[in-house]
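Reading the structure
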Amino acid sequence: MAVQEVILKTNPAGPVDYSEKAIKKALDASYLIADTKVDGVQLNLVAPSSGFIQFLSRAGKYLPAIQSSAVAMHLGDGFAKLRVDDTCIYPNGFMLQAEIVTPGQPAEVTAGNLRRKSVPLDLSSIEVHVFGVVPLDVVESGKDHDVTHAIMKYHVEAMTALLQKHVPQIAWKVVESVDVFTYEELQRVYGVRREEGQEGLVLKDPLAIWKRGKKVGQWKMKPEDTIDGIVQGLIWGTPGLGNEGKVIGFEVLLEDGHVVNACGLTQAQKDEFTDAVAEWEQLDKKTGGLHVTPKPYIDWAVEVSFMERFKDGSLRHPSFSRWRGISDPLVKE
């Protein structure tokens, strides 16, 4: 698979891991903005002052299916009208942070649909939940955006209203958000969101500004049941048993440094992954190992699900969850 180029290194602001101490400290100082964390795929939509609109992943690479749909449906015309609207706060270009959601479907379904280069995405099948907007010159500079999260909420509402007006082909929504003032209130809101089937919350210090990358000032609050990693090797079925000769899982180096065997594949996945490896091995044999295509799945970005984390950091029942790459299988997006 050809490596896709980075269109723009967006390095967007993102939440760090949950810290009860830091969160309680922020609540003591003021309050917290609790954004609903929906089960989707992050979008960094780049709208320059002129030229093409770019639907990018958090890694700054095209999301193939939605990019081709946007071009085919001439969405650029709507964005051109948006930029000259008198109420547009960033007429010289902006980057939108959002989550692409397929209603009723998990993130892996959305990611799979976005990954298809030859099949344009049905734009009516998705929702785009907006949670950030930054002027494009700030993004290109690599600097932080000196606007607090409290003010950013109003910028998001203003820009989303313009998108709904000028680019109605997509269902644009402001991410659901509430202000919480006590830790007890935060726990209640979190419980409600989980009961609704949402991933959890992203908590924002209203006094903190939009900073590049994962920085304190934003925290994710969700069950500790998934972790990302990189595939280091393949796990094969035991000789003499039903899955002999099939890929049944992956050896994964997790982001925290632990190595686990993530199995739990469906029969369809076992067949798909085994066939891909067999095809590569046949070509490898034919060419004497001279072909340049890397071995399937090695170094791919993957999400591992688990039941609980033990005190030594190891995981109980780690299983393959989904691939994290969209435009590039090696890059978590």
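Residues numbered from 1 in each chain as written. Predicted model: local features only at pLDDT ≥ 70, side-chain atom pairs only at ≥ 80, totals over all residues. Heavy atoms only, no water.

**What about the pairing of strand E2 (residues 32-37)?**
What counts here: Burial status follows relative accessibility: with a 1.4 Å probe on protein chains alone, a residue under 20% of its type maximum counts as buried, one over 50% as exposed, and anything between as partly exposed. Secondary structure follows DSSP: runs of H or I at least 4 residues long count as helices, runs of E at least 2 residues long count as strands, and numbering of each begins at the N terminus. What makes two strands pair is DSSP finding at least two bridges between them.
Most of E2 sits out of view: six of its six residues are buried. Here E2 shows a buried face lined by Leu32, Ala34 and Thr36 and a second buried face lined by Ile33, Asp35 and Lys37. Bridge count for E2 against strand E10 (residues 200-204) is five bridges, and the pairing is antiparallel. Residue pairing for E10: Thr36 is matched across the bridge by Leu201.

**What to know about the side chain of Asp35**
Convention followed: Distance and chemistry together define a polar contact, namely a pair of N or O atoms within 3.5 Å, with one atom able to donate a hydrogen and the other to accept it when in protein, and with adjacent residues in sequence counting only for side-chain atoms on both sides. Whether two residues are in contact is decided by their heavy atoms: any pair within 4.5 Å suffices.
On the secondary structure map, Asp35 appears in strand E2. A polar contact of 2.9 Å, which involves the side chain of Asp35, links it to the side chain of Lys204. The residues contacting Asp35, other than those within four sequence positions of it, are Phe131, Val175, Glu176, Ser177, Gly200, Leu201, Val202 and Lys204.

**So, unusual backbone geometry**
In this model, Asn11 sits at a positive phi of 45°, which is unusual for a non-glycine residue. Among the structural elements, Asn11 can be located in the segment before strand E1 (14-16). Under the relative-accessibility criterion, Asn11 is labelled partly exposed at 38%. The backbone of Asp299 shows a phi angle near 75°, a positive value even though the residue is not glycine.

**Section: helix H4 (residues 107-115)**
Along H4, the residues classified as buried are Ala107, Thr110, Ala111, Gly112 and Leu114. Elements in contact with the buried residues of H4: strand E3 (41-48), helix H2 (64-72), strand E5 (93-101) and strand E19 (319-323).

**Focus on the nonpolar core**
Counted only if it meets this: As used here, the term nonpolar core means buried Ala, Val, Leu, Ile, Met, Phe, Trp, Tyr and Cys residues forming a set that is joined through side-chain atoms within 4.5 Å.
In terms of nonpolar packing, the biggest core is built from 47 residues, with Phe79, Met159 and Trp172 touching the most fellow members. With sequence-adjacent residues up to four places away left out, Trp172 is seen in contact with Leu45, Phe79, Leu96, Val128, Val130, Thr160, Leu163, Gln164 and Val167.

**A closer look at the sheet that holds strand E13 (residues 226-236)**
Strand pairing in a sheet relies on backbone hydrogen bonds, with the paired strands running either antiparallel or parallel. Filter applied, for reference: What counts as an axis is a line fitted to C-alpha atoms, over the stretch in contact for a helix, and the angles between N-to-C directions run from 0 to 180 degrees.
Spatially, five strands are ordered E15-E14-E13-E16-E19 in an open sheet, and the strand pairing comes out antiparallel. Sheet topology places strand E15 (259-262) and E19 at the edges, where each strand pairs with a single neighbour. Between one strand axis and the next, the sheet turns by 45° as a mean value, whatever way the strands run. Across four bridges, strand E16 (residues 301-305) lies against E19 in antiparallel orientation. Across the sheet, the residue bridging to Glu303 is Arg322, located in E19. Taken strand by strand, helix H8 (residues 267-286) contacts E13, strand E14 (247-254) and E19, and its axis lies near 80° from that of E14.

**Some thoughts on the packing of H2 against H4**
When two helices pack together, their arrangement is given by the angle between the helix axes and by the axis-to-axis distance. Heads up, the condition is: When an angle is under 35 degrees it counts as roughly parallel; over 145 it counts as roughly antiparallel; between 65 and 115 it counts as roughly perpendicular; any other value is oblique. Each residue gets one of three labels, nonpolar for Ala, Val, Leu, Ile, Met, Phe, Trp, Tyr, Cys and Pro, charged for Asp, Glu, Lys and Arg, and polar for the others, Gly among them.
For the pair H2 and H4, the least separation of the axes is 5 Å and the interaxial angle reads 55°. Between H2 and H4, the interaxial angle falls into the category oblique. Only Asn113, Leu114 and Arg115 of H4 make contact with H2, whose side of the interface consists of Pro64, Ala65 and Ile66. Of the residues that constitute the contact of H2 with H4, the class distribution is four nonpolar, one polar and one charged.

**Describing the pattern of salt bridges**
For clarity, the cut-off: For this analysis, a salt bridge means a side-chain nitrogen from Lys or Arg found within 4 Å of a carboxyl oxygen belonging to Asp or Glu.
Tallying each qualifying case throughout the model produces 15 salt bridges. The partner of Lys220 in a salt bridge is Asp17, and the shortest N-O contact between them spans 3.4 Å. Of the two residues, Lys220 is situated in strand E12 (residues 214-221) and Asp17 in the loop between E1 and helix H1 (20-29); the sequence distance between them amounts to 203 residues. A relative accessible area of 53% means that Asp17 is categorised as exposed. One network of salt bridges, with partners in common, ties together Asp228, Glu255, Arg324 and Lys332.

**Concerning the sheet that holds strand E9 (residues 177-180)**
Spatial strand order, E1-E12-E10-E2-E9: five strands in an open sheet with mixed pairing. Edge positions in the sheet fall to E1 and E9, since each of these pairs with one other strand and no more. This sheet shows a mean twist of 45° between the axes of neighbouring strands, independent of strand direction. As paired elements, E2 and E9 share four bridges and run antiparallel to each other. Paired with Ala34 across the bridge in E9 is Val178. Sitting on the sheet, helix H6 (residues 149-166) touches E2, E9, E10 and E12, and the angle it makes with E2 is about 45°.

**Points about the packing of aromatic side chains**
As a reminder of what qualifies: Planes of paired rings set the category: under 30 degrees apart is stacked, over 60 is edge-to-face and the rest tilted, where pairs are Phe, Tyr or Trp rings (Trp by its six-membered ring) whose centres lie within 6.5 Å. Put simply, a charge is over a ring when the Lys NZ or the Arg CZ is close to the ring centre, within 6 Å, and near the line of the ring normal, within 35 degrees.
One pass over the full model with this rule turns up 13 aromatic pairs. Plain terms: the ring middles of Phe273 and Tyr297 are 5.0 Å apart, the flat faces sit at 65° to each other, and that makes the pair edge-to-face. Of this pair, Phe273 sits in helix H8 while Tyr297 is found in the loop between H8 and E16, placing the two residues 24 residues apart along the sequence. Geometrically, the ring pair formed by Phe273 and Phe320 is edge-to-face, given 5.9 Å between the ring centres and 70° between the ring planes. Within this pair, whereas Phe273 is found in helix H8, its partner Phe320 is found in strand E19, the two being separated by 47 residues in sequence. Since its relative accessible area comes to 2%, Phe273 is described here as buried. Joined through ring pairs, the aromatic side chains of Phe250, Phe273, Tyr297, Trp300, Phe320 and Trp323 make up one cluster. A cation over a ring is seen here: Lys24 above Tyr183, with NZ or CZ 4.7 Å from the ring centre.

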